[in-house]
Amino acid sequence: QKMKLSTEFAAILSIIAVEGIESLLSMGIGNSFGRIFRISTFGESHGGGVGVIVDGCPPKIPLSREDIQIDLDRRKPGQSRLTTPRNEADSVEILSGVSQDGFTLGTPISMLVRNQDHRSNDYDTNAVAYRPSHADATYDAKYGIRAVAGGGRSSARETIGRVAAGAIARKILHMYCGCEILGYVKSVQDVVAENVDIDEFTREQVEESLVRCPQKDASDAMIEKIDGIRKTGNSIGGVLECVARNVPCGLGSPVFDKLEADLAKACMSLPASKGFEVGSGFSGTLLSGHEHNDEFYIDEDGRTRTKTNRSGGIQGGISNGENIVVRVAFKPTSTIGKEQNTVTREGQETKMRGKGRHDPCVLPRAVPMVEAMVALVLVDALMADIAQNKVFEGKLQGISSNPLGKKLDSKVLL
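Note that this is a predicted model, so its numbers are computed, not measured. (Residues numbered from 1 in each chain as written. Predicted model: local features only at pLDDT ≥ 70, side-chain atom pairs only at ≥ 80, totals over all residues. Heavy atoms only, no water.)

A.B. asks: Honestly, helix H2 (residues 65–75) in this entry has me stumped. Any pointers?
C.D. replies: For an α-helix, 3.6 residues make a turn, and residues three or four places apart therefore share a direction. Every buried residue of H2 is accounted for by Ile 68, Gln 69, Asp 71, Leu 72, Arg 74 and Arg 75. In this structure, the buried residues of H2 make contact with strand E4 (92–96), strand E5 (109–114), helix H4 (159–177), helix H5 (203–207) and helix H9 (363–389). (Buried < 20%, exposed > 50% of the residue type's maximum accessible area, 1.4 Å probe, protein only. Helix = DSSP H or I, 4+ residues; strand = E, 2+ residues; numbered from the N terminus. Contact = heavy atoms within 4.5 Å.)

Next comes the structure, spelled out in structure tokens:
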């Protein structure tokens, strides 16, 4: 029996057919990211496993399971009393795209992490009543069906695939130009880490902190704040800051593919993200143009640099060779142990108390997630820039300009 389409939908299909863009309608809309270095994540929180397929990775990159696992270990649950107690090893399996002697083949790389410690019975109530501010209601409204246990694709467990792919992107960037991407927790609710030197802090300093904040006094206060809220069955949010150092100039493309626009979409696609800033961000609105502008100068290597970095390493949507600095705001975790008013799928008002195992604050585990998304954007932009602007490098005449941005390590730059 043929499915009957509404008149409106049939009209849309006819327009698409006429324009020859049938590819716009495809399975898995919203599950892929990137243009040249492209990833597609798969799996549900309480399914058999979660993972990612990475397409467009250059061949002959040395890659081991350990390269991926180190970042997954920073993301996994059960790290401390500040995170969800779900006990998952998050052990990655590389299924394709890497040779037996550990080099990428230039073919799709598929990676899988199997789910082991899922307790689906904790979500029985969610099959009937919607968790306030969670994706339950919108998934039902959009699809008419959803994976109740664990939240399915709306769970932060989906980010395993992003972090695994981001580890590959991070390695490519480091091999190409010595780029390093570091994030830390800048604030938890009203506790703020002031005066962190964005140019100098290290991953070691970040990882020494239970909450992933390199400033000890702020870290201790954040831990105390999260501990207090955790004991009440509630949750809190905060802000994460991330810096990318040793980034080449020229990444990003006007008008719609500006680098900060791609970074914003990448970071705002993460679960619980609610705000994004680059450089001075919203605080820049308090300054005048004269106060905000980054004045140029010539450094000791004869290169054009900026005296300040309120632009956050991006001007006109294109990287200028300075450090790229972004901040991402994360809301409090939706599933909490306090009773709240809600409605059922059938439209009846009721009350519910969240069950399951959830982070009282997502910030500590969000650090590797944001780093991964920044890495994915930068490697995709780098490959796009090479594809467009390096084909005839040195062979066609153009306008000569003084080199822009920090001189990158020639021993690293290929």
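A.B. asks: Quick question: what am I supposed to make of the pairing of E5 here?
C.D. replies: Looking along a regular strand, one sees the side chains alternate between the two faces of the sheet. Along E5, five of the six residues are buried, which leaves the element largely enclosed by surrounding structure. Bridging between strand E3 (residues 49–55) and E5 involves six bridges; their strand directions are antiparallel. The partner of Val 52 across the bridge, within E5, is Met 111. Sheet topology places E4 next to E5; four bridges connect them, and they run antiparallel. Across the sheet, the residue bridging to Ser 96 is Ser 110, located in E5. (Pairing = 2+ DSSP bridges.)

A.B. asks: Help me understand the sheet that holds strand E8 (residues 238–245) in this model?
C.D. replies: Backbone-to-backbone hydrogen bonds pair the strands of a sheet. The strands run either parallel or antiparallel. The strand order E7-E6-E8-E14-E9 describes an open sheet built from five strands, whose pairing is antiparallel. Either end of the sheet is taken by a strand with one partner, and the two such strands are strand E7 (191–192) and strand E9 (273–278). Against the sheet, H9 contacts strand E6 (180–188), E8 and strand E14 (324–330), and its axis sits at roughly 140 degrees relative to E6. (Axes fitted to C-alpha atoms, helices over the stretch in contact; angles between N-to-C directions.)

A.B. asks: Would you mind going over the packing of H2 against H4 with me for this structure?
C.D. replies: The description of two helices packed together rests on the angle between their axes and the distance between the axes. At a minimum axis distance of 9 Å, the contact between H2 and H4 shows a crossing angle of 135 degrees. Taken together, the axes of H2 and H4 are oblique relative to one another. In this structure, H2 meets H4 at a crossing whose hand is right-handed. For the pair H2 and H4, the contacting residues are Asp 67, Ile 68, Asp 71, Leu 72, Arg 74 and Arg 75 in the first and Thr 159, Ile 160, Val 163, Ala 164, Ala 167, Ile 168, Arg 170 and Lys 171 in the second. Partitioning the contact of H2 with H4 into residue classes produces seven nonpolar, one polar and six charged. (Parallel < 35°, antiparallel > 145°, perpendicular 65-115°, else oblique. Left-handed = near helix turned anticlockwise from the far one by under 90°. Nonpolar A, V, L, I, M, F, W, Y, C, P; charged D, E, K, R; others polar.)

A.B. asks: Is there a simple way to think about the packing of aromatic side chains in this case?
C.D. replies: Any aromatic ring pair is given by two values, namely how distant the centres are and how the planes are angled relative to each other. Overall, the coordinates contain two aromatic pairs when judged by the stated rule. Ring centres 5.1 Å apart and planes at 65 degrees place the aromatic pair Tyr 184 and Phe 201 in the edge-to-face group. With Tyr 184 in strand E6 and Phe 201 in the loop between E7 and H5, this pair connects stretches of sequence that are 17 residues apart. Using a relative accessible area of 3% as the deciding quantity, one classes Phe 201 as buried. The side chain of Arg 245 reaches across the aromatic face of Phe 201, ending 5.1 Å from its centre. (Phe/Tyr/Trp six-rings, centres within 6.5 Å; stacked < 30°, edge-to-face > 60°. Lys NZ or Arg CZ within 6 Å of the ring centre and 35° of its normal.)

A.B. asks: Please explain the environment of Glu 322 as it appears in this structure.
C.D. replies: Inspection of the secondary structure assignment puts Glu 322 in the loop between strand E13 (318–319) and E14. Sequence separation between Glu 322 and Pro 248 is 74 residues, and the spatial gap between their C-alpha atoms is 8.2 Å. With near-sequence residues (within four places) excluded, Glu 322 lies in contact with Arg 305, Thr 306, Asn 309 and Gly 313. A polar contact is formed between the side chain of Glu 322 and the backbone nitrogen of Thr 306, at a distance of 3.3 Å. (Polar contact = N/O pair within 3.5 Å; in protein donor to acceptor, adjacent residues only side chain to side chain.)

A.B. asks: What am I meant to see in the nonpolar core here?
C.D. replies: Nonpolar side chains tend to gather and get buried jointly when the protein is soluble and globular. Judged by nonpolar contacts, the single largest core of 84 residues is most densely connected at Phe 37, Val 54, Ile 168, Phe 330, Val 374 and Leu 378. Of the residues forming this core, the biggest block, 16 residues, is contributed by H9. Not counting residues within four places of it along the chain, the set of residues in contact with Val 374 comprises Ile 181, Cys 242, Ala 244, Leu 263, Cys 267 and Val 326. (Core = buried A, V, L, I, M, F, W, Y, C linked by side-chain atoms within 4.5 Å.)

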